[in-house]
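Residues per chain are reported as follows:
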Amino acid sequence: DLLAQDLGPFLVGLPMLALAAGLLRTRTLPDFVEQLMIPVLLVGLGITGFGLARELPEDLAAAVLGGLCLVLAGVVPRAWIRLLLGLAAAASLTWALTLALAPGHGAFTGDGQARVRAWVGLHGALVVWLLILRVQGRLPPGRAAAALAGALEPIATGWLTAILVGLSLLSGMTLLVGAALGPVGSEMARELGAHAGIPRTPAWVPVASGLLVLAGTLWGARAWPGLRRPWILGVGMGMAALAWLLPTLGAVWLTLMVTLTSARTRLAGLAALAGAWIIGSSYYQLQWTLAEKALGLAAIGLLLGALVWLGPWLGVARSGAS
């Protein structure tokens with residue numbers, strides 16, 4: 001009955017969050033108590049989120065819940081919990097931004113534009129992740145700065161994981177995965193396949209995707225001198241052409257280059273997997289025939305293969321940068 005009252009969810013959920021966060025801050029907490037606090041934390045978030053969704057507009061409720069997840073991530077010192085809270089915060093805040101761009105906001109109106117709004121929301125979250133990396137890189141030397149950088153890293157990891165999963169799902173189902181996952185996978189394939197890609201894409205979306213590929217290529221060349229070759233730029237241009245056709249690929253390519261050059265190898269592997277998923281999703285995009293898709297992928301593949309094969313004759317040694 002208390003949860004059905006106006007302030008009931010907050011009178012129950014917020015004390016549960018305070019209890020869980022306070023105990024999880026204890027370094028000598030017994031394992032049993034620590035594991036007990038995890039469902040307390042989850043239930044507290046669920047009840048508080050229920051209250052927010054009931055009392056506030058959906059976009060504002062999602063934003064407040066995302067901010068609460070970030071506060072908890074800053075309070076709880078355990079890295080794996082921070083990662084999960086960072087993922088939840090990114091999902092909530094991205095959803096809030098997507099809802100804030102609801103119909104009635106100029107370029108975001110019209111049939112199919114909900115997915116364009118999701119594209120904008122995910123890229124806004126990506127900008128936040130890049131800003132987090134910027135803050136980490138500009139922290140002054142010292143123990144306090146090192147502690148802050150260490151606290152930000154798992155939060156940023158969870159944040160980026162949510163973005164990559166969102167970009168993959170936004171692209172639609174990838175080639176043959178649904179059939180390999182059984183009945184649940186088939187149902188998910190039908191749902192994602194029905195909304196594959198971003199229909200009726202405004203012209204600025206593929207342009208932005210292609211520019212992100214070029215930005216990622218230049219980022220890699222700036223960090224690794226071995227990539228400062230004309231033929232590497234040609235590879236970037238080939239990928240930019242592919243990103244023009246697949247508007248979620250540009251952000252993933254930029255993420256791949258940033259994570260590779262900053263030695264975040266696990267995140268780079270996740271970004272590569274997301275890129276493979278997005279490229280495979282082209283199979284289900286019905287605005288092209290299978291022949292057109294096959295010819296386009298084959299042409300880009302031949303271009304990339306030719307550039308790699310001609311690299312040594314363009315002044316690139318086979319070792320090192322090759």
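What comes next concerns the included structure. Just so you know, these numbers come straight off a predicted model, no measurement behind them.

1. Remarks on the packing of aromatic side chains
- Under the definition given, this model contains one aromatic pair.
- Ring centres of Trp119 and Trp204 lie 5.8 Å apart, and the angle between their planes is 70°; on these two criteria the pair is classed as edge-to-face. Separated by 85 residues along the polypeptide, Trp119 in helix α5 (residues 113–137) and Trp204 in helix α9 (residues 204–223) bring together distant segments of the chain.
- In this structure Trp119 comes out as buried when scored by relative accessible area, which is 5%.

2. What about a nonpolar patch on the surface?
- A cluster of nonpolar side chains, contributed by Leu175, Leu176, Tyr283 and Leu290, occupies part of the molecular surface with about 400 Å² of accessible area.
- Relative to the assigned elements, Leu290 resides in helix α13 (residues 290–310).

3. Quick notes on the pattern of salt bridges
- Applying the stated criterion across every chain yields a total of three salt bridges.
- The closest approach of N and O atoms between Arg264 and Glu153, which form a salt bridge, is 2.9 Å. One end of the pair, Arg264, is in the loop between α11 (249–261) and α12 (265–281); the other, Glu153, is in helix α6 (residues 143–171), and 111 residues separate them in sequence.
- Arg264 gets classed as buried once you look at its relative accessible area, which sits at 17%.

How each quantity is defined
- Residues numbered from 1 in each chain as written.
- Predicted model: local features only at pLDDT ≥ 70, side-chain atom pairs only at ≥ 80, totals over all residues.
- Heavy atoms only, no water.
- Phe/Tyr/Trp six-rings, centres within 6.5 Å; stacked < 30°, edge-to-face > 60°.
- Helix = DSSP H or I, 4+ residues; strand = E, 2+ residues; numbered from the N terminus.
- Buried < 20%, exposed > 50% of the residue type's maximum accessible area, 1.4 Å probe, protein only.
- Patch = residues over 30% accessible without salt bridge, like charges linked within 9 Å, V, L, I, M, F, W, Y side chains within 5 Å.
- Areas by Shrake-Rupley, 256 points an atom, 1.4 Å probe, with all protein chains shown as cover.
- Salt bridge = Lys/Arg side-chain N within 4 Å of Asp/Glu carboxyl O.

Just distances and angles here, no functional claims.
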